[in-house]
Amino acid sequence: MTVREVCEVLERLAPPSLAYSWDRAGLAIGEPSQEVKGVLAALSVTRETFAAAKRAKANQIVSHHPLIWEPMRALRTDDPHTALCLELAHAGVSCYSAHTNLDVVPGGVNAVLAERLGLTALKSLLDVPHAMQVKLVTFVPESHLPAVRDAVCDAGAGIIGDYTHCTFSAAGTGTFLPGEKASPFSGKKHQVNEEPERRFEVLVPSGRLSDALRALLQAHPYEEPAYDVVPLQGVDPAVSLGLRGELPKPITLGAFAAQVRMNLDVSHVRVVGDLKHKVRHVAVLGGAGGSEAAHIPGGVDVLVTGDVDYHDALAAQERGLAIVDAGHVGTEKWIVPALVRRLRGVFPKLRMVSHTERDPFRIVVK
Ligand SMILES: [Zn+2]
């Protein structure tokens with residue numbers, strides 16, 4: 001398979017249109033048509049990651065954090081970052097990242113984190129303003145309705161909460177007059193034909209629209225299928241920055257913090273709040289979520305995130321929101337094996353390894 005095909009699998013999980021406008025997710029280095037011999041999944045692309053890719057004979061790195069963030073003004077080998085980019089390019093190692101788009105999707109960074117912490121009754125935490133939905137409407141002969149419905153739904157349309165294949169159809173009559181060069185599915189040329197049809201409609205996340213349209217055009221029997229794409233107000237409720245969920249029963253903040261430390265396999269956590277207070281309603285926001293503490297809705301007892309600074313901590317304390325800071329790596333590293341599992345499900349024969357990153361922070365207590 002090619003670099004493009006590997007990227008496409010990841011884009012089905014995390015559509016690029018769901019990345020924030022300031023993000024730099026996507027293919028940073030590489031030739032889309034290049035053959036992939038092996039994939040290494042990692043949180044960040046560092047010199048250590050590159051060495052691990054070479055050892056694993058992987059010529060594609062799939063990371064959560066984008067390799068190239070700031071615009072480059074020169075490609076000099078005496079700058080450590082541009083030197084790394086040049087070496088990756090020389091070695092023919094492509095680098096693809098799914099970043100904020102992977103943070104917000106079902107099955108993404110926060111879903112994996114919530115699962116790791118054993119949270120149940122998961123709900124969205126913060127709306128993603130650019131996660132829009134559209135309504136796709138088409139008109140299809142009854143005989144082909146199931147095929148069109150299944151194709152469009154398999155492409156990611158028709159999901160409402162825990163339900164898939166949510167569609168609606170109603171009977172009606174379509175008309176058409178085929179021209180000289182037309183080759184109609186039914187009816188006669190040079191006359192107005194009437195055809196019993198179903199009006200079929202379905203919700204589509206805007207990031208899945210091109211896949212859904214491709215599926216519709218493939219499954220639809222007409223030479224020129226008619227369809228409407230109707231923009232909708234309101235954001236896609238399935239897309240969320242962070243998640244909120246519940247613990248099986250209330251426990252003290254101290255006990256919860258110890259549980260987080262163990263479940264996330266980190267050396268320590270930092271805690272804001274009274275360790276004796278009971279917590280049950282938990283929000284998770286993997287990575288740098290400290291600055292979002294001020295936006296966490298009421299009803300959440302404790303936020304699990306990383307990169308909490310002094311002012312974030314003070315602001316949370318004032319609002320009565322507890323925080324467990326398990327570090328950037330501690331809260332995000334769990335997505336790496338999840339990406340490998342996803343790719344392995346599609347390309348079972350592809351060599352694939354997940355690289356465990358060392359946290360750059362060391363704790364010295366005496
Ligand atoms: Zn991150």
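This text follows the structure it describes.
Thoughts on the overall build of the protein chain
Part 1 of the argument: A count of helical and extended segments in the protein chain gives 11 helices and 15 strands.
Part 2 of the argument: C-alpha atoms of the protein chain, sized along the principal axes, occupy 90 × 50 × 40 Å.
Part 3 of the argument: Taking all 366 residues of the protein chain together, the buried fraction comes to 45%.
Part 4 of the argument: The contacts in the protein chain between residues at least 6 apart in sequence include a share of 71% that link residues at least 24 apart.
Part 5 of the argument: Accessible surface computed for the protein chain: about 19,000 Å², of which carbon and sulfur atoms make up 54%.
Part 6 of the argument: Each charge sign in the protein chain was given a centre, from 38 positive and 41 negative side chains, and these centres are 7 Å apart.

Considerations on the packing of aromatic side chains
Part 1 of the argument: Applying the stated rule across the entire model yields three aromatic pairs.
Part 2 of the argument: Ring centres 6.3 Å apart and planes at 55 degrees place the aromatic pair Trp 22 and Trp 69 in the tilted group. Of this pair, Trp 22 sits in the loop between helix 1 (3–13) and strand 1 (26–29) while Trp 69 sits in the loop between strand 3 (60–63) and helix 3 (80–90); the two residues are 47 residues apart in sequence, bridging distant segments of the chain.
Part 3 of the argument: Taking the relative accessible area as the measure of exposure, Trp 22 reaches 47% and is therefore partly exposed.
Part 4 of the argument: Seen in terms of ring centroids, Phe 185 and Tyr 222 are 5.8 Å apart; in terms of plane orientation they differ by 45 degrees. Their pairing is tilted. Pair noted here: Phe 185 is in the loop between strand 7 (167–176) and strand 8 (193–205) and Tyr 222 is in the loop between helix 7 (209–219) and strand 9 (227–235), with a separation of 37 residues, a long-range link.
Part 5 of the argument: With relative accessibility at 41%, the residue Phe 185 sits in the partly exposed group.
Part 6 of the argument: You can call Tyr 222 buried: its relative accessible area is 14%.
Part 7 of the argument: Taken together through their ring pairs, the aromatic side chains of Tyr 20, Trp 22 and Trp 69 make up a single cluster.
Part 8 of the argument: Between Lys 54 and the ring centre of Phe 50, over which it is positioned, the NZ or CZ distance is 4.3 Å.
Part 9 of the argument: Directly above the aromatic system of Trp 334 lies the positively charged group of Arg 116, at a separation of 3.8 Å from the ring centroid.

Examining the packing of helix 6 (residues 145–154) against helix 7
Part 1 of the argument: Two numbers describe how helix 6 lies on helix 7: the axes approach to 8 Å, and their chain directions differ by 155 degrees. Relative to helix 7, the element helix 6 is oriented roughly antiparallel. Where helix 6 crosses over helix 7, the handedness of that crossing is right-handed. For the pair helix 6 and helix 7, contact is made by Ala 147, Val 148, Ala 151 and Val 152 and by Ala 212, Ala 215, Leu 216 and Ala 219, respectively.
Part 2 of the argument: Along the lines of polarity and charge, the residues of the contact of helix 6 with helix 7 split into eight nonpolar, no polar and no charged.

Describing the sheet that holds strand 10 (residues 240–252)
Part 1 of the argument: Pairing is mixed across the open sheet formed by six strands, whose spatial order is 5-10-12-13-14-11. The open sheet terminates on both sides in strands that have one partner only, identified here as strand 5 (120–127) and strand 11 (270–272). For this sheet, the mean angle separating the axes of adjacent strands, direction not counted, is 25 degrees.
Part 2 of the argument: Bridge analysis of strand 13 (residues 302–306) against strand 14 (residues 322–325) gives four bridges, and the strand direction is parallel. Among the inter-strand pairings, Thr 305 is bridged to a residue of strand 14, identified as Asp 325.
Part 3 of the argument: Sheet strands touched by helix 5 (residues 109–116): strand 5, strand 10 and strand 12 (278–288). Its angle to strand 12, the strand with the most contacts, is close to 140 degrees.

Topic: the pattern of salt bridges
Oppositely charged side chains may form a pair once their charged atoms are brought near each other.
Part 1 of the argument: Tallied over the entire structure, the rule returns nine salt bridges.
Part 2 of the argument: Across the salt bridge formed by Glu 201 and Lys 135, the nearest N and O atoms sit 3.1 Å from each other. One end of the pair, Glu 201, is in strand 8; the other, Lys 135, is in strand 6 (residues 132–140), and 66 residues separate them in sequence.
Part 3 of the argument: According to the relative accessible area criterion, Glu 201 is buried, its value standing at 16%.
Part 4 of the argument: Residue Arg 149 is joined to Asp 150 by a salt bridge in which the shortest nitrogen-to-oxygen separation is 3.5 Å.
Part 5 of the argument: Taking the relative accessible area as the measure of exposure, Arg 149 reaches 28% and is therefore partly exposed.

About the thresholds
Residues numbered from 1 in each chain as written. Predicted model: local features only at pLDDT ≥ 70, side-chain atom pairs only at ≥ 80, totals over all residues. Heavy atoms only, no water. Helix = DSSP H or I, 4+ residues; strand = E, 2+ residues; numbered from the N terminus. Buried < 20%, exposed > 50% of the residue type's maximum accessible area, 1.4 Å probe, protein only. Contact = heavy atoms within 4.5 Å. Areas by Shrake-Rupley, 256 points an atom, 1.4 Å probe, with all protein chains shown as cover. Lys, Arg positive; Asp, Glu negative; His and termini not counted. Charge placed at Lys NZ, Arg CZ, Asp CG, Glu CD. Phe/Tyr/Trp six-rings, centres within 6.5 Å; stacked < 30°, edge-to-face > 60°. Lys NZ or Arg CZ within 6 Å of the ring centre and 35° of its normal. Axes fitted to C-alpha atoms, helices over the stretch in contact; angles between N-to-C directions. Parallel < 35°, antiparallel > 145°, perpendicular 65-115°, else oblique. Left-handed = near helix turned anticlockwise from the far one by under 90°. Nonpolar A, V, L, I, M, F, W, Y, C, P; charged D, E, K, R; others polar. Pairing = 2+ DSSP bridges. Salt bridge = Lys/Arg side-chain N within 4 Å of Asp/Glu carboxyl O.

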